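Here is what each chain is made of, one letter per residue.
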Amino acid sequence: MTTYPNTADVPLETAVPCALASLESILRTEELRRRPQRPAEYEKETSALAALVRVLADSPGTILQTLADKVLEILQSHSAGLSLLTKDEKRFYWAAVAGVWKPHLGGSTPWDFGPCSDVLDHNAPMLFSHFERRYPYFWTAIPPAVECLLVPFYVNGKAVGTVWAIMHDGSREFDGEDLRLLESMGHFASAAYQAVESIESLRLQISAREEAELHLRELADTLEAQVQARTEQLRLSEAFLAEAQHLSHTGSFSWRVDTHDITWSKELYRIYELDPSIPVTLELIRSRVHPEDLASFDDAVESVSSRAHHYEYERRLKMPDQSVKYIHVVAHGTRDEGGRLEYVGAIQDVTERRRSEQALDKARSELARMARVTSLGALTASIAHEVNQPLLGIVTNASTCLRMLAADPPNIEGARETARFLISDGHRASDVIKRLRSLFSKSSPAMELLDLSEATQEVVTLCLNELQRNRVAVRTICAEDLPPVRGDRVQLQQVILNLLLNATEAMRGIDERPRQVLVRTYLDEDENVRLTVQDTGVGLEPGEIENLFAAFYTTKSDGMGIGLSISRSIIERHHGRIWASPNSRGPGATFSVAIPRAAVAPADSSALRLHAAVTAGAFAENV
Ligand SMILES: Nc1ncnc2c1ncn2[C@@H]1O[C@H](COP(=O)(O)OP(=O)(O)OP(=O)(O)O)[C@@H](O)[C@H]1O
Ligand SMILES: [Mg+2]
């Protein structure tokens, strides 16, 4: 076989423009048909096709190159190959090349100007002679193609390329048998190529599927890991929640009103002392409610079942061992898109807190009693005077009575009259003792409807002697028809007493002006029953006012500093307010107490009438 120079370093695509030969001038197809034809070489053809079949079975990827090799072999050409239209259909790509032009493997020619496009245009085999004369880019393809025979290459019935064979010298011309062999092999190659392509696409599909499966597996693994992590987080937060609920004695619940579905947290079962396996029902909850709270429980259930509420209340439970628990309930109701009502809430066991509050209350009232006894101690002179008055009357009347009976004749009528005075003095004395006893007593607070004016008068009367001793003039202006307040008489009187004693003490060193106290009761503009105690004492330092009511705050060498703090806790328990302010006109301070009026028949505040002023000594008008 003729050897040719190496052409690998000459790029095929390098086009050299010049005057081009016409297609007809380079075509030899007609002539080929007239050329004498050698006998058909079936044997060669069969063995070539068999080789192609083998390749197809063993390594389908090399089918195109095997085709080029076999064409080269059985046509005894110098070069052979296969050109395929690229996917973008812009060029013919030399997919397989054998023989002299093998170095051009992978090269390409333009889709619209070249032998391949001519063959595809005519959809028929063609024989070219020196096609570089028309297609100048072949000039660089050395050695030149003296003759080139091309047949179309079909895939799925569509011509997508050519199979070709080239003679680079005139040693042999192609004949009809070459054309038959080339067409036969071209057909077979087309079928084989399609098979390869579908195998390839199958392989691609399989690998894509494998890849997708792998991806899916990875995804599933990640997901599983995430689920595990989230489960762990959830478990931890559930554990935290349970621990927090346990520590704070707080359980949570949800309640679907329409379906009666109630869900409880573990802690709630513990608070209610119920077995967590028991389904919760309203009836079950009700069975734990303290009998005295049942009515309010039923009312609450009824009102929250009808519309979404935010509710908060405290209730008692009665446990099977008869012990009482206090629970604080907070819940919030919402409706879902379907309008169904659901409550989510928390229940806290506040029994311990209530118990310590009760203990604190007890200690506080004991302290208050002690303070009261102490302050009453300061009133011994006054008290002695109070008790003495009726006793003196009794003694005087008893002697008068005796005198009248001893007269001759005995003045029976006068004695009877005097005995009546005696009895009424006795009652007076016993009333005084009774009042005093209640002030000293340890009895627990008793709420009743009371007239603050009356309670005030009593305290002022009790203090009169002490006030006098301290040269303090006291004036009371008490509204007569003041609406009642609901309260504990002894406790409220203790407050009045504290304020009076403080006022007296605040004026102890005052000699340059009259020592005066004005005690008033009236209905204020907010419909609260108001008590004010106004003095002309030392007054209040700015910045001191906040401290006055703090426990153990005192400026007195003999003071305990608890009078005002006790007074405040008493007034707050009566839902009222106590405060101090400097007098706007003149020296001294005013302490005020406001307590809500009890809900009974209204009283006209304008009908405030001046109660008989109880005065001791002179009283200046500016007070
Ligand atoms: N009318 C007032 N004028 C000026 N300061 C007052 C008046 N009332 C109270 N204070 C001041 O408030 C302080 C606290 O009063 P509080 O009654 O609580 O305690 P105390 O009178 O000092 O002692 P005690 O516990 O024996 O009553 C007093 O020490 C005094 O400084
Ligand atoms: Mg005091």
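Only a predicted model underlies this, so the values are computations on that prediction, with no experimental measurement involved.

Participant: Quick question: what am I supposed to make of the site of ligand 1 here?
Facilitator: Taken together, 19 residues are adjacent to ligand 1, and Thr554, Thr555, Lys556, Ile562 and Leu564 come closest. Contacts to ligand 1 include Thr554, whose side-chain N or O atom sits 2.5 Å from an oxygen atom. Surface burial for ligand 1 is 90%, taken as the share of its 590 Å² of free accessible area covered by protein chains. If you map ligand 1 onto the pockets, it falls in the largest pocket. When contributions to the shell around ligand 1 are tallied by element, the ones reaching two or more residues are helix H14 (489–506) and helix H15 (563–573). Here the shell around ligand 1 gets 3 residues from one element, more than from any other, and that element is H14. For the shell around ligand 1, the class distribution of residues is 8 nonpolar, 7 polar and 4 charged.

Participant: Mind showing me how you'd approach the packing of aromatic side chains here?
Facilitator: The description of two aromatic rings rests on the distance between their centres and on the angle between their planes. Tallied over the entire structure, the rule returns 15 aromatic pairs. Arranged with centres 5.6 Å apart and planes meeting at 25 degrees, the rings of Trp255 and Tyr343 form a pair that is stacked. Residue Trp255 is located in strand S7 (residues 250–256), and its partner Tyr343 is located in strand S11 (residues 341–349); the two are separated by 88 residues in the primary sequence. Judged by relative accessible area, Tyr343 falls into the buried class, the value being 0%. Among the aromatic residues, ring-to-ring pairing joins Trp94, Trp101, Phe113, Phe128, Phe131, Tyr135, Tyr137, Phe138 and Trp164 into one connected group. Looking at Arg577, its charged tip hangs above the ring of Trp579, at a distance of 4.1 Å from the centre.

Participant: Would you take a moment to explain the sheet that holds strand S9 (residues 310–318) for this structure?
Facilitator: Strands pair in a sheet through their backbones, by hydrogen bonds, and they do so in one of two ways: parallel or antiparallel. A sheet is described by the order of its strands in space; here 5 strands give the open sequence S8-S7-S11-S10-S9, paired in antiparallel fashion. Two strands bound the open sheet, and with one partner strand each, they are strand S8 (261–264) and S9. Neighbour-to-neighbour, the strand axes of this sheet turn through a mean angle of 20 degrees, independent of strand direction. Sitting on the sheet, helix H9 (residues 294–306) touches S7, S9, strand S10 (324–335) and S11, and the angle it makes with S9 is about 150 degrees. Across the sheet, helix H10 (residues 351–377) lies against S9, S10 and S11, angled at about 130 degrees from S10, the strand it touches most.

Participant: Please clarify how the pairing of strand S18 (residues 589–596) should be interpreted in this entry.
Facilitator: Looking along a regular strand, one sees side chains alternate from face to face of the sheet. Across the 8 residues that make up S18, a large majority, 7, are buried. Summarising the sheet, strand S16 (residues 528–535) and S18 pair through 7 bridges and their orientation is antiparallel. Looking at S18, one finds that Thr532 is bridged to Ser592. Across 6 bridges, strand S17 (residues 577–582) lies against S18 in antiparallel orientation. Across the sheet, Ala580 pairs through a bridge with Phe591, a residue of S18. The hairpin formed by S17 and S18 contains 6 residues between the paired strands, and Gly586 there has a positive phi angle of roughly 90 degrees.

Participant: When you look at the side chain of Ser592 in this model, what are you seeing that I'm missing?
Facilitator: Along the chain, Ser592 turns up in strand S18. Its relative accessible area of 4% is what places Ser592 among the buried residues.

Participant: Is there a simple way to think about unusual backbone geometry in this case?
Facilitator: Generally, phi is negative for residues other than glycine and the peptide bonds are trans, each holding for most cases. Note the cis peptide between Ile142 and Pro143, where omega equals -10 degrees. For the bond from Asp408 to Pro409, the omega torsion is -5 degrees, close enough to zero to count as cis. The residue Pro409 is located in the loop between helix H11 (380–406) and helix H12 (412–440) in this model. Phi angles above zero are rare outside glycine, and His249 is one such case at about 55 degrees. Its place among the elements puts His249 in the loop between helix H6 (176–247) and S7. According to the relative accessible area criterion, His249 is partly exposed, its value standing at 28%. At Glu273, a residue that is not glycine, the phi angle is positive and equals roughly 55 degrees. The residue Glu273 is located in the loop between helix H7 (266–271) and helix H8 (282–288) in this model.

Cut-off values and rules
- Residues numbered from 1 in each chain as written.
- Chains lettered and ligands numbered in written order.
- Predicted model: local features only at pLDDT ≥ 70, side-chain atom pairs only at ≥ 80, totals over all residues.
- Heavy atoms only, no water.
- Near = heavy atom within 4 Å.
- Polar contact = N/O pair within 3.5 Å; in protein donor to acceptor, adjacent residues only side chain to side chain.
- Areas by Shrake-Rupley, 256 points an atom, 1.4 Å probe, with all protein chains shown as cover.
- 1 Å grid on protein atoms, 1.4 Å probe; cavity = no way out; pocket = protein on both sides within 12 Å on 5 of 7 lines; lining within 4 Å.
- Sits in = over half its atoms within 2 Å of the grid points.
- Helix = DSSP H or I, 4+ residues; strand = E, 2+ residues; numbered from the N terminus.
- Nonpolar A, V, L, I, M, F, W, Y, C, P; charged D, E, K, R; others polar.
- Phe/Tyr/Trp six-rings, centres within 6.5 Å; stacked < 30°, edge-to-face > 60°.
- Buried < 20%, exposed > 50% of the residue type's maximum accessible area, 1.4 Å probe, protein only.
- Lys NZ or Arg CZ within 6 Å of the ring centre and 35° of its normal.
- Pairing = 2+ DSSP bridges.
- Axes fitted to C-alpha atoms, helices over the stretch in contact; angles between N-to-C directions.
- Contact = heavy atoms within 4.5 Å.

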